[in-house]
Amino acid sequence: MRSVRVTAVVAAVLAAALLPDAAGAAGAAPRSSPAHPFFSAHTAGRVSVAPDALRYSWPGVYFEGRFLGTGVGMVLDDSAADYDVQIDGRTVQTLVTPGRITHWVHGLPAGAHRVRLVKRSESPWATSSFGGFVAAPGGRILPAPAPRRRQIEFIGDSHTAGYGNESTTRDCTGDEVNRTTNADRSFGAATARRLHADYQINAYSGRGMVRNYNGSDPGVNYRTFYDRALLSEAGDVWRRPPTWRPQLVVVGLGINDFSTAVNPGEEWTPESLATAYRAAYHGFLDKLRARYGSRTVIVVSASDMGNAAFVDSVRQVVGERTQAGDDRLRFWHQDTSGWDLLGCHWHPSLHDHEILADQLTDLIDTLPLRW
């Protein structure tokens, strides 16, 4: 389904619409149908508005609501991704591929509460669906929380997604990667919380600017998917709402391009790969500038996790654009010296993501941001 921008006319229709009962969990408490989640929940993530739900694919998408009462339900249709449920700022439950259910949290003290549902894991092969929050009998859903004034967009690969960051071992099966990936504890989410900012985590593991990890899946790359809300739907285009104008964009793409040697049969040589990477990076930054304007600060990062060609290429792109007059572009050379890389498959751990959040927060303090 093609993502749509909610106009005043569509919003009026949605305001009158009621969702069908989606309570798929055995013994779920009776409830009245919620208002469309566009009105009952706040999200800054990339979503596609369907008649009865919000649909999405990227990791870290979150929905925030408020309610009166002793319990709250959340309407989900997702057999691929995991979620954390947070009440009043505390994680109370983790949902593993919940399926089509209304998941309930009961037994809360009577009164006003905040609820937050966040997609922990990656599932680019699937489309997730959120049908809104519903109150337990005797309670009611309050208007959605207001958007935050500060906005940050994080663009990247597995490091940005929080791939396997909660793992206690580097050796992980595919299921273990899914269970231990927590985008809500990635460096991006941690940084945004420190700054009281709304954020997007538009990250896709294994994808590079022009070349994917170890040369896999030639013909597509991160840029193939960036404009989508629904990653598995070819041709989908996210219609950016006018409310999403991030003052800061943080880009981290290149580890997958350069971390493995070019294989026999690939189209690249090491030299032509670096040249194509720099050209594509310029084009991608042109896209971001056209979308968000000259006032948005863009931070481009590189680390020694790739190789010298990665860092050198990013430095060169930043230098060329700065010399051409872009004074709101900054290079972030991530310091990996304190990392333990205890996440799945030698990825940054929770410890490492906190180090990254410290580094990025310090850098942000030096930026010409007006927020």
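Rules used in this analysis
- Residues numbered from 1 in each chain as written.
- Predicted model: local features only at pLDDT ≥ 70, side-chain atom pairs only at ≥ 80, totals over all residues.
- Heavy atoms only, no water.
- Helix = DSSP H or I, 4+ residues; strand = E, 2+ residues; numbered from the N terminus.
- Buried < 20%, exposed > 50% of the residue type's maximum accessible area, 1.4 Å probe, protein only.
- Lys, Arg positive; Asp, Glu negative; His and termini not counted.
- Salt bridge = Lys/Arg side-chain N within 4 Å of Asp/Glu carboxyl O.
- Polar contact = N/O pair within 3.5 Å; in protein donor to acceptor, adjacent residues only side chain to side chain.
- Expected span 1.5 Å × (residues − 1).
- Contact = heavy atoms within 4.5 Å.
- Pairing = 2+ DSSP bridges.
- 1 Å grid on protein atoms, 1.4 Å probe; cavity = no way out; pocket = protein on both sides within 12 Å on 5 of 7 lines; lining within 4 Å.
- Points joined across faces, edges and corners; volume = space filled by probe spheres on them.
- Nonpolar A, V, L, I, M, F, W, Y, C, P; charged D, E, K, R; others polar.

A separate point is the side chain of aspartate 352. Looking at the element boundaries, aspartate 352 is found in helix 10 (residues 350-364). Although aspartate 352 is buried, it makes no salt bridge; arginine 170 carries the closest opposite charge, 7.6 Å away. A polar contact of 2.8 Å, which involves the side chain of aspartate 352, links it to the backbone nitrogen of aspartate 340.

Think of an α-helix as 3.6 residues a turn; residues three or four steps apart then line up on the same face. The end-to-end C-alpha distance of helix 10, which contains 15 residues, comes to 21 Å, matching closely the 21 Å that a straight helix rising 1.5 Å per residue would cover. Every buried residue belonging to helix 10 is among Asp352, His353, Leu356, Ala357, Gln359, Leu360, Thr361, Leu363 and Ile364, and all of these are buried. Buried residues along helix 10 sit against strand 11 (150-156), helix 3 (158-161), helix 5 (187-194), strand 13 (248-252), strand 14 (297-302) and strand 15 (329-333).

This part is about the side chain of histidine 353. Topologically, histidine 353 is positioned in helix 10. The buried category is assigned to histidine 353, whose relative accessible area is 1%. There is a polar contact of 2.9 Å between the side chain of histidine 353 and the backbone nitrogen of phenylalanine 187. In this structure, histidine 353 is in contact with His159, Gly162, Asn165, Arg185, Ser186, Phe187 and Pro348, ignoring residues within four places of it in sequence.

A few words on the sheet that holds strand 7 (residues 99-105). Judged by pairing direction, the sheet is antiparallel, and its 5 strands sit side by side in the order 1-2-9-4-7 without closing on themselves. A strand with exactly one partner marks an edge of an open sheet, and here the two such strands are strand 1 (48-49) and strand 7. Bridging between strand 1 and strand 2 (residues 54-56) involves 2 bridges; their strand directions are antiparallel. In the strand pairing of strand 2, serine 48 is matched with arginine 55.

The subject of this paragraph is the layout of surface pockets. Roughly 470 Å³ of volume is contained in the second largest pocket. At the level of secondary structure, the elements contributing two or more residues to the lining of the second largest pocket comprise strand 3 (62-68), strand 5 (82-87), strand 6 (90-96), strand 8 (112-119), helix 5 and strand 12 (197-203). Sort the elements by how many residues they give to the lining of the second largest pocket and strand 3 lands first, with 4 residues. Within the lining of the second largest pocket, the residues separate by chemical class into 7 nonpolar, 6 polar and 12 charged.

Right, let's get into the pairing of strand 7. Most of strand 7 sits inside the fold, with 6 of its 7 residues counted as buried. Sheet topology places strand 4 (residues 72-78) next to strand 7; 7 bridges connect them, and they run antiparallel. Bridging across to strand 7, methionine 74 finds its partner in histidine 103.

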